[in-house]
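# Chains, contacts and geometry: an overview
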Amino acid sequence: MTVRFEIPYSRYLDPAGKAIGSLPVFATDPATLLALYRAMVRTRSFDAKAVALQRTGRLGTYASSLGQEAVAVGAASAMNPQDVLVPSFREHGAQLWRGVTPLELFLYWGGDERGSDFKGPREDFPICVPVGSHAPHAAGVALAFKLRRQARAAVCIFGDGATSKGDVAEAMNFAGVWRLPVVYLINNNEWAISVPRGQQTAAETLAQKAIAAGIPGEQVDGNDVIAVRAATEAALARARAGEGASLIEALSYRLGDHTTADDASRYRDDAEVSRHWPNEPLLRLRHYLTEHGHWTRDDEERLLQDTAAEIDAAADAFLPTPPQDPATIFDYTYAELPAELQRQREAALAAADAAVPTGEA
Ligand SMILES: Cc1ncc(C[n+]2csc(CCOP(=O)(O)OP(=O)(O)O)c2C)c(N)n1
Ligand SMILES: [Mg+2]
């Protein structure tokens, strides 16, 4: 018997902001589209400020999401508040949409554990820097929802590079067998630091990795926030209906460096980046909104001013925050600290006490 599979692809707005066919119901409400646009602009504004703070020595290494705002915002906007976001390190747009504050994100990227103690989405997971290691955590969250018979789902976002990790394959396999309410979303930004998508895997699509796990897999235009949201909504509806896990591959592009510790010009052609700028996600939604009479130049000016003021105020609140006690790096992983770590914690405290103040030097 021959078995055939296919990987569908969807897009609603082309790069010029023209609708291709009919839009999903949520996208026929201008207020919804305006909220998505504002959230993407707010994310870009946050990214710009974070990079500026790092460049002036006031923030740790930072991973900008420039050009990939639609992936994060599209996904988060499809979620219910009681769902759980399990992000990696480039989903600021999703976290901000969910109610994580710019101040919390600055604290986190400034190395302060309090930045992960979200006052808003209490059950959302903290940022996961180890590539792909949060995919099994998301399956665990989904298993808990299933055992408790709750109509909730987990949304786990990771990059193209993460799809080569065993953790991701194992998590999807497990989620497939147990029909878990989890949505795995790939932000395929075509690069994993200096490894291009073509060298990441010989597979024609990343979405087809779903086939081996026995879950639906699809591709969407990741620069079209409508397409990302529509696909995530459908996957979440399946999850809540007991139909199990899904994999969505959002095709986007990393317009910036990998992080502030990277210089992409050493391995990537500027011409390639320039070719991708016209596809970026804010532009096409702005074109669409302007074309349909929902957005003006004044609206744009006001939004840029308002978001800059909000982000600047968060930075002003972050900068004078006194650093945490160094011993706190031991405090948030274990309910009861193992003896060896307890010993290290005491040594860290003693070293901090012994440190001679260096004054203004
Ligand atoms: C387990 C692990 N190995 C290596 C790294 C170093 N590292 C950080 S990001 C990254 C590439 C990730 O690429 P991708 O999954 O495409 O995500 P992107 O950074 O493009 O968003 C690597 C190798 C890490 N953080 N964790
Ligand atoms: Mg990548």
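Residues numbered from 1 in each chain as written. Chains lettered and ligands numbered in written order. Predicted model: local features only at pLDDT ≥ 70, side-chain atom pairs only at ≥ 80, totals over all residues. Heavy atoms only, no water.

## A look at the nonpolar core
Counting residues in hydrophobic clusters, the biggest one holds 45 residues, and the most contacted among them are L33, Y37, V225, I226 and L285. Mapped by element, the contributors of at least two residues to this core are α1 (30-55), α2 (69-78), β3 (154-159), β4 (182-188), α9 (225-240), β8 (246-251) and α11 (281-291). With nine residues, α9 is the single largest residue contributor to this core. If we ignore the near neighbours within four places in the chain, the residues touching Y37 are L282, L285, R286, L289, W295, E300 and L303. A135, A139, L180 and A245 belong to the second-largest nonpolar core, a separate cluster that totals 26 residues. (Core = buried A, V, L, I, M, F, W, Y, C linked by side-chain atoms within 4.5 Å. Buried < 20%, exposed > 50% of the residue type's maximum accessible area, 1.4 Å probe, protein only. Helix = DSSP H or I, 4+ residues; strand = E, 2+ residues; numbered from the N terminus. Contact = heavy atoms within 4.5 Å.)

## Comments concerning the pairing of β4
Of all seven residues in β4, seven are buried, a share of seventy percent or more. By the alternation rule, side chains of β4 split into V182, Y184, I186 and N188 and V183, L185 and N187, which are all buried. Pairing of β3 with β4 involves six bridges; the strand directions are parallel. Residue A154 lies in a different strand from β4, and its bridge partner there is V182. Note that the unit made of β3, helix α6 (residues 166-177) and β4 has a crossover that is right-handed. Direction of pairing for β4 relative to β8: parallel, over a ladder of six bridges. Its bridge partner lying in β8, L185 is registered against I248. (Pairing = 2+ DSSP bridges. Right-handed = clockwise from strand over helix to strand, strands pointing away.)

## Describing the coordination of the magnesium ion (ligand 2)
The coordination sphere of the magnesium ion (ligand 2), as far as protein atoms go, consists of D160 (OD), N189 (OD1) and W191 (O), spread over 2.1 Å. Mapped onto the polypeptide sequence, the residues donating to the magnesium ion (ligand 2) form the spacing pattern D-x28-N-x1-W. Here D160, found in the loop between β3 and α6, pairs with W191, found in strand β5 (residues 191-192); they are 31 residues apart in sequence, far enough to count as distant. Considered together, D160 and W191 belong to a single accessibility category, that of buried residues. (Donors = N, O, S within 2.8 Å, 3.2 Å for Na, K, Ca; no water.)

## Description of the pattern of salt bridges
Close approach of charged atoms lets side chains of opposite charge pair. Per the stated rule, a full pass over the model turns up 20 salt bridges. Among the salt bridges present, the one from E69 reaches R44, with a minimum N-O distance of 2.8 Å. Taken together, the residues E69 in helix α2 and R44 in helix α1 connect sequence positions 25 residues apart. In this pair, the class of E69 matches that of R44, namely buried. In this structure, a network of salt bridges that share partners links the residues R11, D221 and R284. (Salt bridge = Lys/Arg side-chain N within 4 Å of Asp/Glu carboxyl O.)

## A closer look at the packing of α1 against helix α12 (residues 297-318)
Packing of α1 against α12 leaves a shortest axis separation of 9 Å and a crossing angle of 45°. The orientation of α1 relative to α12 falls into the category oblique. Here the hand of the crossing between α1 and α12 comes out right-handed. Contacts between α1 and α12 involve Y37, R38, V41, R42, S45, F46, K49 and L53 on the former and, on the latter, E300, L303, L304, T307, A308, E310, I311, D312, A315 and F318. Residue classes in the contact of α1 with α12 are distributed as ten nonpolar, two polar and six charged. (Axes fitted to C-alpha atoms, helices over the stretch in contact; angles between N-to-C directions. Parallel < 35°, antiparallel > 145°, perpendicular 65-115°, else oblique. Left-handed = near helix turned anticlockwise from the far one by under 90°. Nonpolar A, V, L, I, M, F, W, Y, C, P; charged D, E, K, R; others polar.)

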